[in-house]
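One letter stands for each residue in the lines below.
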Protein chains: 2
Amino acid sequence: MAVNVVESKEWYLAGYAADGVPTTDHLTLRSVPLSLSLDSIPDAHVAVQLLFISVDPYLRTRMSGQEDGLYFPQFSLNQVITAFGVGRVMRSKDEKYSEGDIVLNAFFPVAEYCVVPSSVLIRKIDPEAGIPLPEYLSCLGVPGFAAWVGIEVLGEAKPGSNAFISAAAGGVGMVAGQLAKLKGCRVIGSTGSDAKVRLIKEEFGYDDAFNYNKEVDFDATLSKYFPNGIDIYLENVGSKMLEAVLNHVNPHARIPVCGMISQYNQIWTEREGVRNLLNIVGKEVRMEGFLVGSYLDRFADFTVEMEGYLKQGKISSKIKIYEGIQSFAESLGSLFSSSNFGKVVIEVNKPR
Amino acid sequence: MAVNVVESKEWYLAGYAADGVPTTDHLTLRSVPLSLSLDSIPDAHVAVQLLFISVDPYLRTRMSGQEDGLYFPQFSLNQVITAFGVGRVMRSKDEKYSEGDIVLNAFFPVAEYCVVPSSVLIRKIDPEAGIPLPEYLSCLGVPGFAAWVGIEVLGEAKPGSNAFISAAAGGVGMVAGQLAKLKGCRVIGSTGSDAKVRLIKEEFGYDDAFNYNKEVDFDATLSKYFPNGIDIYLENVGSKMLEAVLNHVNPHARIPVCGMISQYNQIWTEREGVRNLLNIVGKEVRMEGFLVGSYLDRFADFTVEMEGYLKQGKISSKIKIYEGIQSFAESLGSLFSSSNFGKVVIEVNKPR
Ligand SMILES: NC(=O)c1ccc[n+]([C@@H]2O[C@H](COP(=O)([O-])OP(=O)(O)OC[C@H]3O[C@@H](n4cnc5c(N)ncnc54)[C@H](OP(=O)(O)O)[C@@H]3O)[C@@H](O)[C@H]2O)c1
Ligand SMILES: NC(=O)c1ccc[n+]([C@@H]2O[C@H](COP(=O)([O-])OP(=O)(O)OC[C@H]3O[C@@H](n4cnc5c(N)ncnc54)[C@H](OP(=O)(O)O)[C@@H]3O)[C@@H](O)[C@H]2O)c1
């Protein structure tokens, strides 16, 4: 007989963290009973067992309690956190979905189980496609798509372009470097540990890479790695690295601005400013921010291209999997400590 | 009988000014004899009497003795300064030019007379066109073209766009505001004195304007003038004004970066940094630097459009004329003191 009430653990926001990395002082795990009986589920809703949850830097910016520059609304106090995820339909009150369907949603509660309107589901995943489920949160998901928009659309990567990618060993960076290589660029990455430097050179085909935590003078570092200047900088970190890059850009360089993670734990007035923006004039730089949500009309093109690369083994991926919903606070913290490798995902329940 | 030797006064660079406004400590006037006899003029050269010289902010950046972000080469010590100008051909060793021709050159010596290769001349001006000669250095010259590239090409001005223009009463700003109005934008300007605020509202049709020297909190000022946010910011000044703008941009705002004059008198490491660049991501801002020299393929389109506006009285222009070559240092200094109105030009010799 099917279970009709589950205890579902979920993370809610107990307090805002104006600065610093949010911890269990701000994020709290609670257990709530959830009825899965069909008559308790409203029409056009589904009950879902969460399988994988994507742990992304922007989540932190929704916990500051202030406008932060990314403009996702703040999470409400005492409400459950939401995140991109993959789940399995357990009960359905929508004929388009059946028990067992694997579904994607950009705003799943960070919980073990949930009941959500079927309209929020992005789509079903075909488990026969042979693609591991976490990949839909990585190469085929938001980070992969962000890398594609940054490198192919805004970066205009061309054979011979000198491309620089920061946060190069993360979800976006690992894909961005490989896409730039596939386009014929010379690709250099920066990341936060020697092990990650090795990873991106050995597994992701970066031409070279450096550990920014060991460099004392980014300007000298970039002189060394970019004797011919920088044509494309995929900006993931901001601040001092951006400033150094602006002293090494070539005429008509492109800087797709994907994120600035070094700024997420600081109130904006406390952030260190960039002093050499005048280079944008002299080098006629195009610096352009983007949110993947604005490029959904290109998502199908991206998917075809990326599935092709994955099947042909042209793009490889590394996923750091945390086990169980209780790991959410720790896994979120890992985004700010250089301790993670590749894309960070939580396995909430084992897929069957 | 024609004069064969003239005494020509010219300005040369006596010393670099790493910071501050260059003065006669750095710029020196000297008198040199110049032979105008035909046999002393090399083949494919012309002797020119300077009529008007354009006094532009970028000239200052060529006197710092260091890479400054605008990337025009530094002037050499003890060499004559060069600038955009209009002159009259006195002698010609090139059959394409005759005595009396009015010619334009981007790199005339800042002098009363000169002998230059005819290949450096941009073109002849038809004096019958009925356009006052200084206008070729203003609306029809570099500032007008910069305004056009900024507003029409990169700014993508559309009816209803909220446009903000800094240094709004200067050579670029006065044209930019009028072009944006012609495209149907709501246009606000900032400038450095109350008299200039009146000028741009009354003569250049700005919807409103403010004196930035009187505002204590740019953020509050922009809230007042842009209740619906900013869609286009033509960046001419940089630093604090840019930072304030980035807190008021609408999604997909464009920031054509024409210049950052507040930075030209400072070594880059001493400049105040911009702390809220993260807004570029959240608001998906496109910030793009440009140099008019890269858009010369559009110069003909621009000229047709601008001549049309001038003839129809749709664009008006204000030119601040300094008399005589000896005024160069003072006129250059005026660019940094809010004391000038409109485009700054030196009348070197009276056109006949
Ligand atoms: N615009 C969009 O639509 C979009 C979509 C997805 C992601 N993003 C952005 O893209 C960037 C990368 O995201 P991701 O998902 O790929 O995350 P990720 O790279 O997997 O994780 C973040 C990484 O950033 C690095 N980092 C943390 N703090 C840093 C600091 N102070 N300075 C330098 N590096 C730091 C860490 O790696 P190290 O070991 O290298 O330090 C960390 O692993 C983020 O800025 C994110 O906000 C934007
Ligand atoms: N990219 C290109 O190809 C190109 C071509 C031409 C010009 N430009 C740039 O466009 C800008 C305007 O040039 P323009 O020829 O039109 O010069 P301008 O505006 O006629 O003269 C400069 C004006 O800037 C203002 N200013 C000076 N110091 C300032 C400061 N610290 N903060 C704020 N405003 C200040 C002053 O007016 P206020 O009274 O308003 O203070 C001054 O009159 C400059 O940045 C210039 O470098 C770029």
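Along each chain, residues carry numbers from 1 onward, in the same order as the chain's sequence is written. For naming, the first written chain is A and the first written ligand is 1, with later ones following in the order written. In keeping with the model being predicted, local features are shown solely for residues with a pLDDT of at least 70 and side-chain atom pairs are shown and tallied solely at 80 or more, while totals for entire chains, interfaces and linings include all residues. Heavy atoms throughout the structure, all of them, feed into the side-chain values; hydrogens and water do not.

- Going by an unreviewed UniProt entry, chain A carries the name Enoyl reductase (ER) domain-containing protein and comes from Gossypium darwinii.

## Some thoughts on the site of ligand 1
All names here are of chain A.
Part 1: Each residue is tested against the molecule or strand, and it is near if at least one of its non-hydrogen atoms lies within 4 Å. In the region of ligand 1, 27 residues are neighbours, and Val-172, Lys-196, Tyr-212, Tyr-264 and Phe-290 sit closest.
Part 2: A distance of 2.8 Å separates an oxygen atom of ligand 1 from a polar atom in the side chain of Thr-191.
Part 3: Contact distances for ligand 1 include 2.6 Å between an oxygen atom and a side-chain N or O atom of Lys-196.
Part 4: Methods summary: accessible areas were calculated by the Shrake-Rupley approach with a probe of 1.4 Å, and residue burial reflects only the protein chains presented. Protein chains bury 90% of the 900 Å² of accessible surface belonging to ligand 1 in isolation.
Part 5: Numbered from the N terminus, helices here are DSSP runs of H or I no shorter than four residues, and strands are runs of E no shorter than two. Among the elements of the structure, α2 (142-154) and α3 (171-182) are those that each provide at least two residues to the shell around ligand 1.
Part 6: Under the grouping applied here, Gly and all other residues not named as nonpolar or charged are polar, the nonpolar ones being Ala, Val, Leu, Ile, Met, Phe, Trp, Tyr, Cys and Pro and the charged ones Asp, Glu, Lys and Arg. Within the shell around ligand 1, the residues separate by chemical class into 16 nonpolar, 10 polar and 1 charged.
Part 7: Domain start and stop points were drawn from an automatic or database domain assignment. A domain-level breakdown of the shell around ligand 1 finds at least three residues from each of domain 1 (5-138 + 317-347) and domain 2 (142-293). Here a polar contact means two N or O atoms within 3.5 Å. Within protein one must be a hydrogen donor candidate and the other an acceptor candidate, and residues neighboring in sequence count only if both atoms are side-chain atoms.

## Section: unusual backbone geometry
Residue and element names in this part refer to chain B.
Part 1: Residues other than glycine seldom take positive phi values, yet Ala-44 does so here, at roughly 60 degrees.
Part 2: Here Ala-44 lies in the loop between β2 (27-35) and β3 (45-54).
Part 3: Here Ala-44 falls in the partly exposed class, since its relative accessible area comes to 39%.
Part 4: Of note in the backbone geometry, Ser-239 takes a positive phi value of approximately 60 degrees without being a glycine.
Part 5: On the secondary structure map, Ser-239 appears in the loop between β11 (230-234) and α6 (240-246).
Part 6: Each residue's exposure class comes from its accessible area (1.4 Å probe, protein chains only) as a fraction of the maximum for that residue type: buried when under 20%, exposed when over 50%, partly exposed otherwise. Of the residues examined, Ser-239 reaches a relative accessible area of 13% and is grouped as buried.

## A closer look at the site of ligand 2
Residues and elements named next belong to chain B.
Part 1: Lining the immediate surroundings of ligand 2 are 27 residues, of which Val-172, Lys-196, Tyr-212, Tyr-264 and Phe-290 lie closest.
Part 2: Here Gly-171 contributes a backbone N or O atom positioned 2.9 Å from an oxygen atom of ligand 2.
Part 3: Measuring from a nitrogen atom of ligand 2, one finds a backbone N or O atom of Cys-258 at 2.9 Å.
Part 4: Summarising the interface, the protein chains cover 90% of the accessible area of ligand 2, which totals 900 Å² for the free molecule.

## Brief notes about helix α5 (residues 218-225) of chain A
Residues and elements named next belong to chain A.
Part 1: Buried within α5 we find Phe-218, Thr-221, Leu-222 and Tyr-225. The arc that holds every buried residue of α5, seen down its axis, measures 95 degrees, which confines them to one face.
Part 2: The residue sitting at the N-terminus of α5 and contributing the capping side-chain oxygen is Asp-217; that oxygen lies 3.0 Å from the backbone nitrogen of Asp-219. The arc in question is the one traced by the directions running from the helix axis out to the C-beta atoms.

## Brief notes about the relation of the copies chain B and chain A
Part 1: A residue counts toward the fit only if its pLDDT is at least 70 in both copies, and the copies are then superposed by least squares on the C-alpha atoms of those residues. For these two chains of identical sequence, chain B goes onto chain A by a turn of 180 degrees and a shift of 0.0 Å along the axis, with RMSD 0.0 Å. Between the two chains, the operation in question is that of a two-fold axis. No C-alpha of chain B approaches the rotation axis more nearly than that of Gly-273 of chain B, which lies at 1.9 Å.
Part 2: The contact rule is simple, with two residues in contact once any of their heavy atoms fall within 4.5 Å. In this assembly the copies share their binding face: 100% of the residues contributing to the interface of chain B also contribute to that of chain A.

## Brief notes about the packing of α2 of chain A against α3 of chain A
All names here are of chain A.
Part 1: The contact between α2 and α3 brings their axes to 8 Å, and the two run at 45 degrees. When the axes of α2 and α3 are compared, the pair comes out oblique. Relative to α3, α2 is oriented so that their crossing is right-handed. Contacts from Pro-143, Gly-144, Ala-146, Ala-147, Trp-148, Ile-151 and Glu-152 in α2 reach Gly-171, Val-172, Val-175, Ala-176, Leu-179 and Ala-180 in α3.
Part 2: The residue inventory of the contact of α2 with α3, partitioned by class, reads 10 nonpolar, 2 polar and 1 charged. Between N-to-C directions, angles cover 0 to 180 degrees, with each direction set by a line fitted to C-alpha atoms, over the stretch in contact for helices. Every angle not falling under 35 degrees, over 145, or within 65 to 115 is termed oblique; those three ranges are roughly parallel, roughly antiparallel and roughly perpendicular. Should the near helix be turned anticlockwise from the far one by less than a right angle, the crossing is left-handed, and should it be turned clockwise, the crossing is right-handed.

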